[in-house]
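Descriptive analysis of the structure
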Amino acid sequence: MDNPQGTVRRSYSTSELMNYRSVPRRLIKPDRDVLERLKGLEILNYRRSRSGKKKNKTHRISRKQIGVNPSNLIYPKRCNILSNFAENVICLTVNCRSLVKKDVLVGQMLREQNVDFAILTETWYSDEKQYQFETSDLNQNGYKISVSNRQNRIGGGVALSCRSSIKMRKLFSGTKSCFEYGIWQLVFKSITINCIGIYRPPSLATPNQFVNEFFQFLEDIVPKYSNLIIMGDFNLYIEENSNAISESNNSLEALGLIQHVDFPTHIHGRSLDLVITEFTNGVDLVSSEAEDEVKTIINKLQCKSCELDILPTKVLKSFLSELLPVITKLVNLSLSQGVFPLRWKQAVVRPLLKKACLELIYSNYRPVSNLSFLSKLIEKCALYRLNEHVKDHDLLPTNQSAYRQFHSCESALLRLVNDILDGMEHQEVTAMIAVDLSAAFDTVDHSILIKVLEYQYGVNGTALKWIDSYLRPRSCRVNVSSTTSSERQLECSVPQGSCLGPWLYLVYAGTLFDIIPPSITVYGFADDHTANKRFVPTLTNEMIAIRDLQDCAVHINTWMNSNKLKMNNAKTEFILFGSRQPTL
């Protein structure tokens, strides 16, 4: 808007405008145009008295006024999606039900979750009121927004908000008879992503009609663009065994796409918001093992034998040159066909005391599985491939130690002690919860583990089939003092004493890091974890830190229950670390 000659333009920051919410009317002296805009944004909403005069009234933010019900706000759940991207990208999809009044809340969530870009549905923006999204919190403070507004009627709308440093270009937007969409191109340092935002109003069409129109739309889009991410509110109950869901899954597979969300995204427990990407081959266990590679692995394995071995390991290594072609063929057959031989899934379990000084009771023994040599050989070959896959895509949590290169007990202790000492250097206290699990390896649920491998680690096809075959069915016999029990089938657990079992447990336990709030630092070593919160020692800060750790403990307990793990209350402790001496 041009300024008339002789007038001065006054600029208002977002914080100044927001402060007008709690300032009495008599103290507010902005221009008339500014007042009208504030009223349009519903920041100011004065009520007139019966005599027609305005009352001097202090206005505060209320739940009713801003249209936000905090009980409906769900902490976003994170899942790792394997893709062909050369760098890690954090994205989010949120159904907002009006960004006009919730832009500050959503913007705060993007910053807290360190989100690179987000698809926002039901924005309720309109082209007639451009100032609503131009002055939005999602269009400043390090982020920018591009909108695709619903035409000719209120409601709906799709938007994309991303970091200001990311190059963004809106390619197309529009409305089909069953859904609204927007297509954006995002340019990162090493990859260009084409993102499609979808919002389907549930009342416009039946699920079958939507599925038919949506996949006709995708048949035109998929051949034109690479590195696709399709996100939004689809309002489809993907848990249902209906014709629409079945047709949707078949069509995704035919187009080379995969849907990743397998948890509730709605407060009432339904999965309505979906994330779809191009299918990736993930880890490959099928490639043939060269004899030299198998020979190297055999020579590195310890020369131990088990009563399950037909041929003692020492004899096998002595005649390795003659047996190597046959052993290599066995390894390749197992990995290529996705089958782990049933005979090699048997174990002889010998209970070992955890520490020599402990009391001779059941809880102080560790059930170590003795497996055949060939079983451990094939596990090791597969583990090499899986470790390469995880390292290339940086899938395991950084602070999860044990059973990984450069992540030993010493490195875990160094991180933890350094964090505590650094807090003392800055006159801070560290509050810590030390959590221990009971029989963690023995309670791993196979079905949950397979889903984690598929949806968060990108293991699929023959590789996933091989791991499933490795896990179930398994059996064991217990040997104590030369006495062996009868065989028993194992319905859960990963074998301790195996090459692959500890790695699978890390994958299983790694999902814990996804539910920890950003203000809490977690360190893990095998089945032991610590949750830390640093704070300046004042009464208020102490209460806040304790409250945050209590909430974190609730999150951890909920995660354990959903993953069929059990907390060891006897070994779970709360500790405060600090220094009484001031730092010079």
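This text goes with the structure placed above it.
This report concerns the structure included in the present document.

Conventions and cut-offs
Residues numbered from 1 in each chain as written. Predicted model: local features only at pLDDT ≥ 70, side-chain atom pairs only at ≥ 80, totals over all residues. Heavy atoms only, no water. Disulfide = S-S within 2.5 Å. Buried < 20%, exposed > 50% of the residue type's maximum accessible area, 1.4 Å probe, protein only. Patch = residues over 30% accessible without salt bridge, like charges linked within 9 Å, V, L, I, M, F, W, Y side chains within 5 Å. Areas by Shrake-Rupley, 256 points an atom, 1.4 Å probe, with all protein chains shown as cover. Salt bridge = Lys/Arg side-chain N within 4 Å of Asp/Glu carboxyl O. Lys, Arg positive; Asp, Glu negative; His and termini not counted. Charge placed at Lys NZ, Arg CZ, Asp CG, Glu CD. Helix = DSSP H or I, 4+ residues; strand = E, 2+ residues; numbered from the N terminus. Pairing = 2+ DSSP bridges. Right-handed = clockwise from strand over helix to strand, strands pointing away. Arc of directions from axis to C-beta. Contact = heavy atoms within 4.5 Å. Polar contact = N/O pair within 3.5 Å; in protein donor to acceptor, adjacent residues only side chain to side chain. Axes fitted to C-alpha atoms, helices over the stretch in contact; angles between N-to-C directions. Parallel < 35°, antiparallel > 145°, perpendicular 65-115°, else oblique. Left-handed = near helix turned anticlockwise from the far one by under 90°. Core = buried A, V, L, I, M, F, W, Y, C linked by side-chain atoms within 4.5 Å. Domains from an automatic or database assignment. Expected span 1.5 Å × (residues − 1).

**A word on the state of the cysteines**
- This model, assessed by the stated rule, comprises 0 disulfides.
- C195 provides the cysteine sulfur closest to C162, a residue in no disulfide bond, and the two sulfurs are 9.9 Å apart.
- Judged by its relative accessible area of 0%, C162 is buried.
- The class of C195 is buried, set by a relative accessible area of 0%.

**Remarks on a positive patch on the surface**
- Together, K354, K355, R366 and K571 make up a positively charged patch on the protein surface.
- As for its placement among the helices and strands, R366 is situated in strand β12 (residues 365–370).

**Points about the pairing of strand β2 (residues 117–121)**
- Across the 5 residues that make up β2, a large majority, 5, are buried.
- The side-chain alternation of β2 yields two buried faces, one formed by F117, I119 and T121 and the other by A118 and L120.
- Relative to β2, strand β1 (residues 91–95) runs parallel, the two being bridged by 5 bridges. Residue pairing in the sheet places C91 in a bridge with F117 of β2.
- Traced from β1 through helix α4 (residues 103–112) to β2, the parallel crossover comes out right-handed.
- Of the strand pairs in this sheet, β2 and strand β4 (residues 158–163) are connected by 5 bridges, and their pairing is antiparallel. What sits directly across from T121, in β4, is V158.

**What to know about α4**
- If you check which residues of α4 are buried, you get D103, V106, G107, M109 and L110. On an axial view of α4, the arc spanned by its buried residues comes to 160°, and they lie on one face.
- Buried residues along α4 sit against β1, β2, β3 (143–148) and β4.
- In the stretch just after α4, N114 is the one whose phi turns positive, near 60°.

**Re the side chain of N364**
- The topology assignment puts N364 in the loop between β11 (346–353) and β12.
- Side-chain polar atoms of N364 contact the backbone oxygen of E359, separated by 2.8 Å.
- Aside from chain neighbours lying at most four places away, what touches N364 is L352, L353, K354, L358 and E359.

**Things to note about the sheet that holds strand β9 (residues 257–259)**
- One open sheet holds the 6 strands; their spatial order is β5-β6-β7-β8-β10-β9, and the pairing between them is mixed. With one partner strand each, in any of the chains shown, β5 (167–175) and β9 form the two edges of the open sheet. Sheet twist, expressed as the average angle between the axes of neighbouring strands with direction ignored, equals 20°.
- Here 6 bridges tie strand β7 (residues 192–199) to strand β8 (residues 228–233), and the two strands are oriented parallel to one another.

**Notes on the packing of helix α8 (residues 291–300) against helix α11 (residues 373–393)**
- In contact at an axis separation of 10 Å, α8 and α11 are set at 120° when each is read in the N-to-C sense. The angle between α8 and α11 places the two elements in the oblique class. With respect to the hand of their crossing, α8 and α11 are arranged in right-handed fashion. Touching E293, V294, I297, I298 and K300 of α8 are F373, L377, K380, C381, Y384 and R385, all from α11.

**Examining the nonpolar core**
- If you look at the biggest cluster of nonpolar residues, it comprises 67 residues, and the most contacted ones within it are W503 and L504.
- No other element matches α11, which puts 8 residues into this core.
- Among the domains, domain 2 (281–396 + 463–491) and domain 3 (401–445 + 500–583) are the pair contributing at least three residues each to this core.
- In contact with W503, not counting residues within four places along its chain, are L383, L386, N387, V390, L396 and L453.
- Grouped together as the second largest cluster of nonpolar side chains are 27 residues, A205, I221, V222 and A244 included.

**Concerning helix α10 (residues 320–337)**
- Under the 1.5 Å per step criterion, the end-to-end length of α10 is 25 Å for 18 residues, consistent within 8% with the ideal 26 Å.
- Buried residues belonging to α10 abut α8, α9 (313–318), α11 and α14 (461–471).
- Where α10 ends, the next residue or the one after it, G338, has phi of about 70°, a positive value.

**Re the pattern of salt bridges**
- Summed over all chains, the structure comprises 13 salt bridges.
- Here R150 makes a salt bridge to E180, at a shortest N to O gap of 2.6 Å. Note that R150 is positioned in the loop between β3 and β4 and E180 in strand β6 (residues 180–187), a separation of 30 residues in sequence. This pair shows no difference in class: R150 is buried, exactly as E180 is.
- Each of the salt bridges in this network shares a partner with another, and the network as a whole consists of D419, D422, E428 and R534.

**Details of the environment of C409**
- In this fold, C409 is placed in helix α12 (residues 409–425).
- Separated by 116 residues in the primary sequence, C409 and F525 have C-alpha atoms spaced 6.9 Å apart.

**Considering unusual backbone geometry**
- Residue R472 is joined to P473 through a cis peptide bond whose omega torsion reads -5°.
- Inspection of the secondary structure assignment puts P473 in the loop between α14 and β15 (474–480).
- Backbone geometry places N235, a non-glycine residue, at a positive phi of 50°.
- Structurally, N235 can be placed in the loop between β8 and α7 (243–254).
- Despite not being glycine, S482 has its phi angle at roughly 70°, a positive value.

**Here's the deal with the pairing of β3**
- The buried count for β3 comes to 5 of 6 residues, which makes it a mostly enclosed element.
- In this sheet, β4 lies alongside β3 in antiparallel orientation, the contact comprising 6 bridges. Pairing of S148 across the sheet is with V158, part of β4.

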